[in-house]
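One-letter residues, chain by chain:
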Amino acid sequence: MTDLLDPPAPPPAVDVAAPPAEPAVRPAAGAPLVLAALLLGAGLIHATMAPPHLAESAVEGAGFVVAAWLQVLLAAAVLVRPRRWVLGAVVAVNAVLLVAWVVSRTAGLPVGAHPGHAATLSFVDGACAALEVGAVLLAGMLLLGAPARLLRGGGAALAGLAAVVVATAAVASPSARDHASASHGEHAHGDMAAAAPHGHDGAAGPAGQADDAGFAALSNGHQHERGQDAPLSDEERVTLAGQLAATAALVEQFPTIAHAEAAGWRRAGPFSPGLGTHYRGPGFGLNPDGDMDPEDLSSPLLVFDGLGPDAPLAGFMYTAYGTQGEPAGFAGPNDHWHFHESVCVVIGPGGAIDTPFGADLEGVTEQMCTDVGGSWIDNTGYMVHVWNVPGYESPDGMFTELNRKITCPDGSYDRIDIGDLGTRDSVCLNP
């Protein structure tokens, strides 16, 4: 009974100087998993897109690397202990990235390879923005203590899986192949052409070649350096629209190679990425003056995306054989004509034209051409492509010499050595 007389034990000492530990947020079961999946998906897209952006600009590329690491680290923090400051960081970081994305698609970023030039919207960056919006909303709900009853059990699993599917589809989509340069359209093409040696349209060097499936390594003939398309006057726009209207009937008449061959058109050269397969019609003319008269406008070479009977029409090529300089051509200053030198042409069965040694290659002689039964052409005369067929409008400009929408069957622009072409009907490495 003496214990009842003992004084009560003193309460445990409390350190009044130490603040209470920040409580962890108690989200609905599965919510951290979904939030982590959203962050990891966005981080994956940023990491995948970093190399092509580094090839364009060190500043832009570094931004993608930093964004990827921040999102991956935040995903790990959410899974380990989703404290309030972690959720706040998720909201802040992704909100900043979303603002930067909106600016890049409207006014253009003030830094990078294309300062002040708005980029075009594509699936890959739209998917990344959607994942970031989801992360901001979910983290904000958890901060406010809002219930997330759908993010329990199967609901959480489906939401997390959806985030993974969206991210995977984005990095595997065609828009991810040349995202950095293609998103800037004509402006990017102008920069690339200005950097190309000898004024040839194409080659931007090993970095571009490695990061855009090989498109930057392509070239097509000799031409003046191409810059960004110049604006047209009202009169030029009206005249150009009238000239291009002549192609509408050709689009309707020859939607595929089968339609063209049935009407007597014959292949003129092999299929090449960026250029397609050219077909010459029975009424093909030389257009010696380079003016776009009605008869010239109605008889271009047709360009198809492929070699099979169902290969679709992709564009047109007009020629001017006989002008001393670049022809007047189409209305406005944006139709950039080119020419080829030292070309050996071999006429095949049915009138098909092959070029066993390609064009513009050093070391090819007239005797080499004679030995393979070909005809030697010192200079082909001027020619220009027109990419205005619906679905094949070139993102780099209507009159560009190459169209990035025309790829090899494997989706790349990889070619064999043109000297090895021989009688092949495609220059693709994997036809």
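Analysis parameters
Residues numbered from 1 in each chain as written. Predicted model: local features only at pLDDT ≥ 70, side-chain atom pairs only at ≥ 80, totals over all residues. Heavy atoms only, no water. Helix = DSSP H or I, 4+ residues; strand = E, 2+ residues; numbered from the N terminus. Buried < 20%, exposed > 50% of the residue type's maximum accessible area, 1.4 Å probe, protein only. Contact = heavy atoms within 4.5 Å. Areas by Shrake-Rupley, 256 points an atom, 1.4 Å probe, with all protein chains shown as cover. Axes fitted to C-alpha atoms, helices over the stretch in contact; angles between N-to-C directions. Parallel < 35°, antiparallel > 145°, perpendicular 65-115°, else oblique. Nonpolar A, V, L, I, M, F, W, Y, C, P; charged D, E, K, R; others polar. Salt bridge = Lys/Arg side-chain N within 4 Å of Asp/Glu carboxyl O. Disulfide = S-S within 2.5 Å.

K.L.:
Describe the overall build of the protein, and please don't skip the residues or the numbers.
P.N.:
In terms of helices and strands, the protein carries 13 helices and 8 strands. Split into buried and exposed, the 431 residues of the protein put 46% on the buried side. For the protein, restricting intrachain contacts to residue pairs at least 6 apart in sequence, the fraction spanning at least 24 positions comes to 68%. For the protein, the accessible surface area stands at approximately 20500 Å², while carbon and sulfur atoms represent 64% of it.

K.L.:
Please provide a residue-by-residue account of the packing of helix α9 (residues 234–244) against helix α10 (residues 246–253), values included.
P.N.:
Where α9 contacts α10, the axes come no closer than 4 Å and their chain directions differ by 30°. Compared by their axis directions, α9 and α10 come out roughly parallel. Facing G242, Q243 and L244 of α9, the residues of α10 in contact are A246, T247 and A248. When the residues that make up the contact of α9 with α10 are grouped by side-chain class, the tally is 3 nonpolar, 3 polar and no charged.

K.L.:
Any chance you could break down the pattern of salt bridges for me, citing the residues and the numbers?
P.N.:
One pass over the structure, following the stated rule, counts 3 salt bridges. Across the pair R237 and D234 runs a salt bridge, and its minimum N-O distance is 2.1 Å. Highlighted residues: R237 and D234, both in helix α9, separated by 3 residues, approximately one helical turn. Here D234 falls in the exposed class, since its relative accessible area comes to 55%.

K.L.:
Can you explain the state of the cysteines? Please cite residues and give values.
P.N.:
Here the structure, examined in full by the defined rule, presents 2 disulfides. Between C344 and C369 runs a disulfide, and the two sulfur atoms are separated by 2.1 Å. Across the disulfide from C344 to C369, rotation about the S-S bond amounts to roughly 85°, and the bridge is consequently right-handed. Within this pair, whereas C344 is found in strand β5 (residues 341–347), its partner C369 is found in helix α13 (residues 366–371), the two being separated by 25 residues in sequence. Judged on exposure class, the residue C344 and its partner C369 are both buried. Across a sulfur-sulfur distance of 2.1 Å, C408 and C428 are joined as a disulfide pair. Between C408 and C428, the S-S torsion sits near -95°, and that sign places the bridge as left-handed. Placement of C408 in the segment after β8 (382–386) and of C428 in the segment after β8 is noted, with a sequence separation of 20 residues between them. C408 sits in the buried class, given a relative accessible area of 2%. What connects to what in the protein, once the bonded cysteines are numbered by sequence position, is 1-2, 3-4.

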